[in-house]
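Structural characterization, general
Residue-level listing of the chains:
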Amino acid sequence: MPGSSERDLLLTYELYAFAARDARLRAVMSNWLQASRDALARHFDPLTARALDALVEGFALHNHFDPAPTSRADVAAIVRTVAERHNGTWPRQ
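Everything numeric in this text was worked out from a predicted model, so none of it was measured. (Residues numbered from 1 in each chain as written. Predicted model: local features only at pLDDT ≥ 70, side-chain atom pairs only at ≥ 80, totals over all residues. Heavy atoms only, no water.)

1. Quick notes on the packing of helix H1 (residues 6-21) against helix H2 (residues 23-41)
Where H1 meets H2, the axes come as close as 6 Å, and the angle between the chain directions of the two elements is 130°. As summarised for this structure, H1 and H2 are arranged oblique, according to the angle between their axes. H2 is crossed by H1, and the crossing has left-handed handedness. Residues Thr 12, Leu 15, Tyr 16, Phe 18, Ala 19, Ala 20 and Arg 21 of H1 pack against Ala 23, Leu 25, Arg 26, Met 29, Trp 32 and Leu 33 of H2. For the contact of H1 with H2, the per-class residue count stands at ten nonpolar, one polar and two charged. (Axes fitted to C-alpha atoms, helices over the stretch in contact; angles between N-to-C directions. Helix = DSSP H or I, 4+ residues; strand = E, 2+ residues; numbered from the N terminus. Parallel < 35°, antiparallel > 145°, perpendicular 65-115°, else oblique. Left-handed = near helix turned anticlockwise from the far one by under 90°. Contact = heavy atoms within 4.5 Å. Nonpolar A, V, L, I, M, F, W, Y, C, P; charged D, E, K, R; others polar.)

Here it is as structure tokens:
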């Protein structure tokens, strides 16, 4: 979600809230989250892919509301640290 527009972020938050309240959309959200993890799993083991997915989503949310958002360089350094600790390599070949 880094680089997402204000509108895209708002729609994402609304989708999360709607899916939390409507069981019919839970499958949509589950599929979306799985697709994101699957994309990351092309480069990382499944646990690291899950962690990175949650990390990126969390940074998008925090940076949207934080008056002093985490810089892209700091996010990249944190992602690299998580990936290297979980996976041992960056990225998986």
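Here the narrative resumes.
2. Comments concerning the nonpolar core
By size, the foremost hydrophobic cluster in this structure holds six residues: Phe 44, Leu 52, Phe 59, Val 75, Val 79 and Ala 83. Elements supplying a minimum of two residues to this core: helix H3 (46-65) and helix H4 (72-87). Ranked by residue count, the leading element in this core is H4, at three residues. If sequence neighbours within four positions are ignored, Val 75 has contacts with Phe 59, Asn 63 and Thr 70. (Core = buried A, V, L, I, M, F, W, Y, C linked by side-chain atoms within 4.5 Å. Buried < 20%, exposed > 50% of the residue type's maximum accessible area, 1.4 Å probe, protein only.)

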